[in-house]
Amino acid sequence: MDDRPAKEPAILDCVRAAEDAWNRRDVDAVVLSSSIDCQWRCRSDFLWGREQIRQFLARKWRREIDFRIINELWTWDGGRIAIRFSTEFRDDSGTWFRTYGNENWECDDTGLVRRRLSSVNAHPIDEHERKLRWPLGPRAIDYPSLSELGL
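> Could you clarify how one ought to interpret the overall build of the chain in this entry?
Helices and strands together make up the secondary structure of the chain, namely four helices and six strands. Starting at the N terminus and ending at the C terminus, the chain contains elements arranged as α-α-β-β-α-β-β-β-β-α. Principal-axis analysis of the C-alpha atoms places the extent of the chain at approximately 45 × 40 × 25 Å. Partitioning the intrachain contacts of the chain with sequence separation of at least 6 by distance along the chain shows that 52% fall at a separation of at least 24. Surface summary for the chain: the accessible area is close to 8,500 Å², and the carbon and sulfur share equals 52%. In the chain, the 25 positive side-chain charges and the 27 negative ones have mean positions that sit 3 Å from each other.

Following this line, the structure appears as structure tokens:
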């Protein structure tokens, strides 16, 4: 049995705030949650600093239409957080995709992300297979979690 204390609300709030910022496509919120000299790795993209993150997100959200994400806290220890996530989006040809991934966040003493490492797999899905179906913007509080959706 895990002797660790129950999941701290502050950690859960941080994970949910990150999800909400991505679902709103709020570049400033995502960028400003990272330190000025942060490092990100996502698939074949290696980013250093806020300006590269800003450019990455602009490209990503132009390509990934109707993007939705759900984050789920996996574990944390001090300034390190591990989450798992799933996204759904379509490309400009109308093909839908689902991704599954894990991220490791390392935060500085002020709570800003200084390192974000992502491992992501994507595959095409049919429109009727979609599970992330809420209006664009943040996911409703009562919308099922990844675990509840079987993802």
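Back to the write-up after that little detour.
> In this structure, what is going on with the packing of aromatic side chains? I would like to understand it.
Note on aromatic pairs: each is described by the distance of the centres and the angle between the planes. In this structure the tally under the stated criterion is seven aromatic pairs. With a centroid separation of 6.3 Å and an interplanar angle of 80 degrees, the aromatic rings of Trp-40 and Phe-56 are classed as edge-to-face. With Trp-40 in strand 1 (residues 34-42) and Phe-56 in helix 3 (residues 50-63), this pair connects stretches of sequence that are 16 residues apart. For Trp-40, a relative accessible area of 4% translates into the label buried. Put simply, the rings of Trp-22, Trp-40, Phe-56, Trp-61 and Phe-67 touch in pairs and so form one group of aromatic residues. The ring of Trp-40 has Arg-116 sitting right over it, with the charged end atom 4.0 Å from the ring centre. A cation over an aromatic ring shows up here: Arg-130 above the ring of Trp-96, its NZ or CZ 3.9 Å from the ring centre.

> When you look at the sheet that holds strand 1 in this model, what are you seeing that I'm missing?
On the basis of which strands lie adjacent, the open sheet formed by six strands has the order 2-1-6-5-4-3 and mixed pairing. Edge positions in the open sheet fall to strand 2 (45-48) and strand 3 (65-77), since each of these has one partner strand only. Adjacent strand axes in the sheet meet at a mean angle of 20 degrees, parallel and antiparallel pairs treated alike. Note that strand 1 and strand 2 share four bridges and pair antiparallel. When the bridges of strand 2 are listed, Gln-39 appears paired with Trp-48. Relative to strand 3, helix 1 (residues 9-24) is tilted by about 165 degrees, and along the sheet it contacts strand 1, strand 3, strand 4 (80-90), strand 5 (96-107) and strand 6 (113-125). Sitting on the sheet, helix 3 touches strand 1, strand 2, strand 3 and strand 4, and the angle it makes with strand 1 is about 45 degrees.

> Honestly, helix 1 in this entry has me stumped. Any pointers?
Residues separated by three or four positions in an α-helix point in the same direction, a consequence of the helix having 3.6 residues per turn. An ideal rise of 1.5 Å per residue puts 22 Å on 16 residues; helix 1 measures up with 22 Å between its terminal C-alpha atoms. Listed as buried for helix 1 are Ile-11, Val-15, Arg-16, Glu-19, Asp-20, Ala-21, Trp-22 and Asn-23. Note on helix 1: the residue one or two positions beyond its end, Arg-25, has a positive phi of about 55 degrees.

> Which parts of the structure should I look at to understand a positive patch on the surface?
On the surface, a cluster of positive charge is contributed by Arg-43, Arg-59, Arg-62 and Arg-63. Its place among the elements puts Arg-63 in helix 3.

Definitions and cut-offs
Residues numbered from 1 in each chain as written. Predicted model: local features only at pLDDT ≥ 70, side-chain atom pairs only at ≥ 80, totals over all residues. Heavy atoms only, no water. Helix = DSSP H or I, 4+ residues; strand = E, 2+ residues; numbered from the N terminus. Contact = heavy atoms within 4.5 Å. Areas by Shrake-Rupley, 256 points an atom, 1.4 Å probe, with all protein chains shown as cover. Lys, Arg positive; Asp, Glu negative; His and termini not counted. Charge placed at Lys NZ, Arg CZ, Asp CG, Glu CD. Phe/Tyr/Trp six-rings, centres within 6.5 Å; stacked < 30°, edge-to-face > 60°. Buried < 20%, exposed > 50% of the residue type's maximum accessible area, 1.4 Å probe, protein only. Lys NZ or Arg CZ within 6 Å of the ring centre and 35° of its normal. Pairing = 2+ DSSP bridges. Axes fitted to C-alpha atoms, helices over the stretch in contact; angles between N-to-C directions. Expected span 1.5 Å × (residues − 1). Patch = residues over 30% accessible without salt bridge, like charges linked within 9 Å, V, L, I, M, F, W, Y side chains within 5 Å. Salt bridge = Lys/Arg side-chain N within 4 Å of Asp/Glu carboxyl O.

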